[in-house]
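Listed below are the residues making up each chain.
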Amino acid sequence: MPSSARPLLMIPGPIEISEAALAAASGPPLSHLDPELIEHFGASLRAMRQVWRAAPTSQPFVLSGGGTLAMEAAACNLIDPGERVVVIDTGYFGDRMADILRRRGAAVVRLTVPLDEAVDLDRVERALDGRIKALFATHVDTSTGVRTDPGPLAELARANGALSVFDGVCATGAERFEMAEWGADLYLTASQKAIGLPAGLALWVASGRALRTRASLTKAPPLSLDFEAWRPVLQAYEAGEKRYLSTPATTLIPALRVSLEELLAEGMDEVFARHERAAAAMRAGFLALGLEELAGPAPLRANTLTALRYPEGVGPELLGRVRAHGVVIAGGLHPAHKDEYFRVGHLGVVTARPEALALTIRALGLGLADCGAKVDVEGAVSATLGHL
Ligand SMILES: *Cc1c(COP(=O)(O)O)cnc(C)c1O
């Protein structure tokens, strides 16, 4: 990599973004009351309903912040202190959700899912004993590369009188999610993941049921996270009217519209299929490099990232070696296995660029070779390209 060249970002967020989104995010600041900004905001909210495949009665939210802020907003708008919730814990971010809910004063029933197993629906059903207010799950666990199927969980929650909330931070805009059809109540993400923008926006859509739940809370959420405080403002934006609660990220909102409309122009089914194809191609390359996935033959593997064990004799020094060949990959994150593995993201616009995927496999192969591993780098690159 020439020292002046920026390395390719292949981590599970922030990710490479489209030329159009980059251009839109690079404009001069707009006033928060500028009609142009309000037009972009309203269009973004309408586009979110389509990307999320949410009902017309749902409310999309866009706040300045990250995925963690969206998780906090879900907890404090849906749960009163003392209420019982179930958290399906598939790794690092399930852990965080449980922590956030405990800080809100919830009684958390945590269902820990072993690395090599799918979520056991019978176990979930037993935990939903009629006294549970809401079920929380992570769509794609960014620490393990394991995907959870939200449909059956949303259905189980509904059948047992509980809300269902899904952390889609490493999935939304890449993995299939059918908010209305599945009857999910809240699906959240952040701009720097598959939505394909710089970091800075927390995004979620809440169902009508979730909005009514907020209305019936005893303990109000913090003002700046409150569904009820934001709702009239967001409704005004959709109607093309000025309204103020807190200054939006006026430089990112036009870019949000661009990236959402790019997804919709391609079609969500094609977006999901593109990520599936890229994941298969990357895994063919990883396999040809002799690498093994952290979660073994996991029943459901994410299309957005892969977690791979370091081969014998190789450790975290691999990341620097790969970066020297032009690609940034990520280290381990799961608390129990952190030093045993690394992660490669394959989400967003790179999945439509075979040369970027090939560069990633080549850089990884060369990095492994620099660490002393015996690998067939060009064979692995061919395996990947053969899939595309
Ligand atoms: C990245 C991520 C988060 C946290 O998002 P931040 O923007 O870093 O706060 C939460 N959940 C999942 C699944 C993630 O991948």
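Here the structure is shown first, and the text comes after it.
We now turn to the structure provided with this report. Predicted model only: the values in this text are computed from it and were never measured.

### Section: the sheet that holds strand β4 (residues 107-112)
Step number 1: The seven strands lie next to each other as β2-β10-β9-β8-β5-β3-β4, forming an open sheet whose pairing is mixed. Both edges of this open sheet fall to β2 (59-64) and β4, since each of them pairs with a single strand only. Along the sheet, successive strands turn relative to each other by an average axial angle of 20°, direction set aside.
Step number 2: For strand β8 (residues 163-167) and strand β9 (residues 186-190), the ladder comprises three bridges, and the chain directions are parallel. By the bridge assignment for β9, aspartate 167 is matched with leucine 188.
Step number 3: Helix-sheet contacts for helix α8 (residues 208-215) involve β2, β5 (132-138), β8 and β10 (201-206), and the interaxial angle to β8 is about 110°.
Step number 4: Contacts from helix α10 (residues 252-266) reach β2 and β10 within the one sheet, and its direction differs from that of β10 by about 55°.

### Re helix α9 (residues 227-238)
Step number 1: Taking 1.5 Å as the rise per residue, α9 with twelve residues should run 16 Å; its terminal C-alpha atoms sit 16 Å apart, in good agreement.
Step number 2: Where α9 begins, one side-chain oxygen reaches toward the backbone nitrogen of glutamate 228, 2.9 Å away; that side chain belongs to aspartate 226.

### Considerations on unusual backbone geometry
Step number 1: A cis amide bond links glycine 13 with the next residue in sequence, proline 14, at an omega value of -5°.
Step number 2: Following the sequence through the fold, proline 14 ends up in the loop between β1 (8-9) and α1 (19-24).
Step number 3: Although it is not a glycine, arginine 53 sits at a positive phi angle of roughly 55°.

### Some points on the nonpolar core
Step number 1: Counting residues in hydrophobic clusters, the biggest one holds 95 residues, and the most contacted among them are Trp52, Phe136 and Trp204.
Step number 2: Per-element accounting of this core gives the leading share, eight residues, to helix α2 (residues 35-52).
Step number 3: Setting aside chain neighbours within four positions, we find phenylalanine 136 in contact with Ala74, Ile79, Val85, Val86, Val87, Ile88, Met97, Leu101 and Val165.
Step number 4: Within the second largest apolar cluster, 28 residues are counted, among which are Met10, Phe286, Val344 and Ala380.

### Some thoughts on empty space enclosed by the protein
Think of a ball as big as a water molecule: rolled over the atoms, this probe shows where empty space is left.
Step number 1: In total, this model carries one cavity of 30 Å³ or more according to the counting rule given.
Step number 2: Empty space within the largest cavity amounts to approximately 30 Å³.
Step number 3: Lining the largest cavity are Met71, Val87, Ile88, Phe93, Gly94, Met97, Phe136, Ala137, Thr138 and Asp167.
Step number 4: Listing elements by their share of the lining of the largest cavity, those giving two or more residues are β3 (84-89), α4 (92-103) and β5.
Step number 5: In terms of residue class, the lining of the largest cavity is made up of seven nonpolar, two polar and one charged.

### Points about the environment of threonine 138
Step number 1: With respect to the secondary-structure elements, threonine 138 resides in strand β5.
Step number 2: Along the backbone, threonine 138 and isoleucine 88 are 50 residues apart, and their C-alpha atoms lie at a distance of 7.4 Å.
Step number 3: In contact with threonine 138, other than residues within four places in its own chain, are Thr90, Phe93, Gly94, Thr148 and Asp167.

Rules and cut-offs
- Residues numbered from 1 in each chain as written.
- Predicted model: local features only at pLDDT ≥ 70, side-chain atom pairs only at ≥ 80, totals over all residues.
- Heavy atoms only, no water.
- Pairing = 2+ DSSP bridges.
- Helix = DSSP H or I, 4+ residues; strand = E, 2+ residues; numbered from the N terminus.
- Axes fitted to C-alpha atoms, helices over the stretch in contact; angles between N-to-C directions.
- Contact = heavy atoms within 4.5 Å.
- Expected span 1.5 Å × (residues − 1).
- Polar contact = N/O pair within 3.5 Å; in protein donor to acceptor, adjacent residues only side chain to side chain.
- Core = buried A, V, L, I, M, F, W, Y, C linked by side-chain atoms within 4.5 Å.
- Buried < 20%, exposed > 50% of the residue type's maximum accessible area, 1.4 Å probe, protein only.
- 1 Å grid on protein atoms, 1.4 Å probe; cavity = no way out; pocket = protein on both sides within 12 Å on 5 of 7 lines; lining within 4 Å.
- Points joined across faces, edges and corners; volume = space filled by probe spheres on them.
- Nonpolar A, V, L, I, M, F, W, Y, C, P; charged D, E, K, R; others polar.

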